[in-house]
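Each chain, letter by letter, is given below.
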Amino acid sequence: MKNALEAPRPIRKPQSEAAAALPLDRDLLIRMHDLMVKGRALEERLIQMYRQGHGFFWIGGPGEEAFNVPLGLLIKKGEGLDYDYLHFHYRQSATLLAMGEDPIGALRQLKNTATDPYSGGRNFAGHFSIKRWNVVPVSSPIEVQYSMAPGTAIAQKRHGGDGITIVTGGDAGTAEGDFASCLVWSSRPGNELPILIIVANNQWGISTAASTVQGCTNISDRGKAFRIRSKTIDGNNPVVAYQELREAMDYVRRERKPFLLEALVSRLYGHSSASGANFVPDEVDCIATYEQWLEAKGVANRAHFNEVRTRWNQEMAELARKVRDEPQPTPDSIWNFIYAEKK
Amino acid sequence: MASMAQAIRMALHYAEENLGVTDVFGEDVGPPLGGVFTTTQGLKTAWNSPLDERGIIGVAMGLALAGQRPVAEIQFCDYIFNAIDLLKLAGGTYWASNGDWNLPMVVKTPVGSGIRGSIYHSQSFDGTITRLPGWKVVMPSTPLDAYGLMISACQDLNPVMYLEPKALLRVRGEELIPGEPSDDRTLSKMIDAPLSRRSGWIPKWPELQPYSVPIGKAKIVRQGNQVTVVSYGRTLPLCAKAAGALRGEGIDAEVIDLRTLYPYDWDALKASIQKTGRVLYVNEDTEVTNFGEHLIRRTTEELFYALLAPPKLLAGKSIPGIGLADSLEMASVPQLPDVTAAIRALASEQP
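Fair warning: this is a prediction, and the values are worked out from it, not measured in the lab.

Peer 1: So what exactly am I meant to see when it comes to the sheet that holds strand 5 (residues 136–138) of chain B here?
Peer 2: One key point about sheets: their strands pair by backbone hydrogen bonds, in either a parallel or an antiparallel sense. All names here are of chain B. The mixed open sheet is built from 7 strands, whose spatial order is 2-1-3-4-6-5-10. This sheet does not close on itself; its edge strands, each paired only once, are strand 2 (46–48) and strand 10 (260–262). On average, each strand axis in the sheet is inclined to that of its neighbour by 25°, with strand direction left out of account.

Peer 1: How do you make sense of the packing of aromatic side chains when you look at a structure like this?
Peer 2: Both the distance between ring centres and the angle between the ring planes are used here to describe each pair of aromatic rings. This model, assessed by the stated rule, comprises 18 aromatic pairs over all chains. The interplanar angle of 85° and the centroid separation of 6.5 Å between the aromatic rings of A:Trp185 and B:Phe25 together place this pair among those described as edge-to-face. On the criterion of chain membership, the pair formed by A:Trp185 in helix 7 (residues 177–186) and B:Phe25 in strand 1 (residues 23–26) is interchain, its members lying in two chains. Given the relative accessible area of 1%, A:Trp185 is considered buried. Both rings, one in B:Tyr232 and one in B:Phe291, keep their centres 6.5 Å apart while their planes meet at 55°; by these two values the pair is tilted.

Peer 1: Would you explain the interface of chain B and chain A in this entry?
Peer 2: When the parts of a complex come together, some accessible area is lost, and that lost area is often taken as the interface size. At the interface, 41 residues of chain B touch 38 residues of chain A. Buried area between chain B and chain A, summed over both chains or domains, comes out near 3200 Å², and the portion from carbon and sulfur atoms is 63%. Considering only the surface of chain B that becomes buried against chain A, B:Trp95, B:Asn98 and B:Trp101 emerge as the three largest contributors, covering 21% of it. At the junction of chain B with chain A, the criterion picks out 3 salt bridges. Put simply, A:Glu143 and B:Arg54 hold a salt bridge, and the shortest N to O gap is 3.8 Å. For the pair chain B and chain A, the interface holds 16 residue pairs in polar contact (both at pLDDT 80 or more).

Peer 1: Teacher, can you tell me more about a positive patch on the surface here?
Peer 2: Side chains of A:Lys157, A:Arg227, A:Arg229 and A:Lys257 sit close together on the surface and give a patch of like positive charge. With a relative accessible area of 34%, A:Lys257 lands in the partly exposed category.

Peer 1: Explanation requested: the pattern of salt bridges in the structure shown.
Peer 2: Opposite charge on two side chains permits them to pair, given that their charged atoms come into close proximity. Residue and element names in this part refer to chain B. Under the criterion given, the structure shown has 34 salt bridges over all chains. Taking the shortest distance from any N to any O, the salt bridge between Arg9 and Asp192 comes out at 2.7 Å. Taken together, the residues Arg9 in helix 1 (residues 4–18) and Asp192 in the loop between helix 6 (184–191) and strand 7 (219–222) connect sequence positions 183 residues apart. Residues Lys108 and Glu73 are paired through a salt bridge, measuring 2.5 Å at the closest nitrogen-oxygen approach.

Peer 1: I'm lost on unusual backbone geometry in this one. Help?
Peer 2: For residues other than glycine, phi is negative in most cases, and the peptide bonds are mostly trans. Residues and elements named next belong to chain B. Cis geometry marks the peptide bond from Pro31 to Pro32, where omega comes out at 10°. Of the consecutive residues Tyr262 and Pro263, the connecting peptide bond is found in the cis state with omega at -5°. Locating Pro263 in the fold gives a position in the loop between strand 10 and helix 8 (266–276). Phi is positive for Thr38, close to 65°, though the residue is something other than glycine.

Peer 1: Help me understand the environment of B:Leu187, please; the structure alone is not making it clear to me.
Peer 2: Residue and element names in this part refer to chain B. Of note, Leu187 is situated in helix 6. Residues Leu187 and Lys204, 17 residues apart in the sequence, show an inter-C-alpha distance of 9.0 Å. Beyond its immediate chain neighbours, meaning those up to four positions away, Leu187 contacts Ala2, Gln6, Met10, Glu180, Pro181, Asp192 and Pro206.

Peer 1: Help me out: how do you make sense of the nonpolar core in this one?
Peer 2: As a rule of thumb, nonpolar side chains are buried together in soluble globular proteins. Grouped together as the largest cluster of nonpolar side chains are 78 residues, with contacts concentrated most on A:Leu29, A:Met32, A:Phe67, A:Leu71, A:Ile166 and A:Leu196. With 11 residues, the single largest contributor to this core is helix 2 (residues 26–51) of chain A. Setting aside its immediate chain neighbours within four residues, A:Met32 contacts A:Leu24, A:Val69, A:Pro70, A:Leu73, A:Pro238, A:Val239, A:Tyr242 and A:Tyr290. With 73 residues, the next largest nonpolar core counts A:Cys182, B:Phe25, B:Leu86 and B:Ile129 among its residues.

Reading the values: rules and limits
- Residues numbered from 1 in each chain as written.
- Chains lettered and ligands numbered in written order.
- Predicted model: local features only at pLDDT ≥ 70, side-chain atom pairs only at ≥ 80, totals over all residues.
- Heavy atoms only, no water.
- Pairing = 2+ DSSP bridges.
- Helix = DSSP H or I, 4+ residues; strand = E, 2+ residues; numbered from the N terminus.
- Axes fitted to C-alpha atoms, helices over the stretch in contact; angles between N-to-C directions.
- Phe/Tyr/Trp six-rings, centres within 6.5 Å; stacked < 30°, edge-to-face > 60°.
- Buried < 20%, exposed > 50% of the residue type's maximum accessible area, 1.4 Å probe, protein only.
- Contact = heavy atoms within 4.5 Å.
- Buried area = accessible area lost by both parts, 1.4 Å probe.
- Salt bridge = Lys/Arg side-chain N within 4 Å of Asp/Glu carboxyl O.
- Polar contact = N/O pair within 3.5 Å; in protein donor to acceptor, adjacent residues only side chain to side chain.
- Patch = residues over 30% accessible without salt bridge, like charges linked within 9 Å, V, L, I, M, F, W, Y side chains within 5 Å.
- Areas by Shrake-Rupley, 256 points an atom, 1.4 Å probe, with all protein chains shown as cover.
- Lys, Arg positive; Asp, Glu negative; His and termini not counted.
- Charge placed at Lys NZ, Arg CZ, Asp CG, Glu CD.
- Core = buried A, V, L, I, M, F, W, Y, C linked by side-chain atoms within 4.5 Å.

Shown next as structure tokens:
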């Protein structure tokens, strides 16, 4: 599944007719490509900044753009119970970009500047926190979000409406008890929760292959024991990802019940800077395969792809220059925000 | 007078009616039991959770993130340790997000010895939780303080750890909770669930009044000039009793109920120690890296020249657990004779 980019309904028609039968709107296909490349350009810029000594550590999600971009496009964005609550892990930058976030924040966080909008220079790259969009603080433990997410979902179930909770994590983190907690709390009889439980399965936990430590055939199989609707999909195909996410989200929004979605994705630059952050040539590059497909379908051509890539590379380089000389937080700022106080 | 368990229950009722508390939950917290110590009986927002401490703390955090006001219970603090990283995260979320997200949540949990609870129903948590910055930590020793501290905890914008000294939960107070009927039996009929036929039972709550004990304020329980004794929870009444008895021997001890362990009332401690020149810290957590050791360090560093004797700590023995046999429990954590002897020794110590 992971190595073949197949449109869900393969089209074998002359190009003119094929275009008319595209599985998604043509503009959406182009927009997803643009955001995927933007996400990749951001992560590659972050890696470069790390290599140049502008940051102590890099971690992110290059290789997951085909899944993360559709996710961001489908999120109901806003603050409070009427909107989606987002419990992300640290590989979600492309989702944030698809939601419309300015990439400069990620650069500032990597550079741990005082202007870092997510943590004020306190946390690693990819550790987003955006209250106005219900993006709760990302933290480094790879499992805790699965324990917290049912809490926002309980509030949303009580509140009504169509806001849902979305939690993301990796395959390695599902070995922790928190993942089981998430399944248990989301499926209590009579109290099923409006929560989309996502596992981005890149088949690695740092250097440990999932196949050597997890015996389940699919992680999504675990949902079945809890009567949670569950599915494993090709997360390297943005068309599949968009369609499957839309279906899963529609179900959760409408039925107010949980859905476990496992997306098989690639990890194109390893775990983090701690493992070198070098390009991994033997995994599927979702952008390359998507571009081949777009070209075959006559949606866009190589010149367009080159233009997009050049544009985002330049944009990220320009942003990096902009933040280059921004100051670090002041030493006495360590005392800020220990306790919230009534205003 | 209400017991501490009844006082906590009444405070939670007041909080769900008036302070926006949305969820009181944990294992066996909802009906029919209403908590193994009955502190959550009859509450309209109480519900039973799966038997999952990590889930309980995680869900409390999620509810707080979603603008709710949860009060989560861990049935005994002995079982909270598998959620320690979530507690760490809860305490650090406001700071890590640079002020973006605060977590208004209360976690309540019974602590300490006194019910012959053996190895896994007798542990203390004050030494551990005071090491997790971002939390406020309170521990009452009277029903009225239990009421007032819970009301403050339910209004705080930060995570508050509410430690319940389980040995005192069934002890009646000496002060009336505002709105409480003066007769014990009347109160019991109103708010204690019947032992049988609980289905359909609803409490008849008294007209409770707002009363809060501010977080961060200690209380001088007994005035004295010769030695300062600082304690909280189960050991506080022992200190007060010992001080009372020692007055007959001409020893004049001042007893301070810390009530809030963090952020603690250093001004109150400092004023007393400067007056007496002698201080004994008493708690029952194990003595190595004990919270009292921190207080001794600060006392020594800041008040060294006001001291007439070395600051002392009377705490639990540093052993893996509190054994079930009466003889073992008595030997493991401070008892009245230990407190009396410690105050007496400190009062008579000369340079």
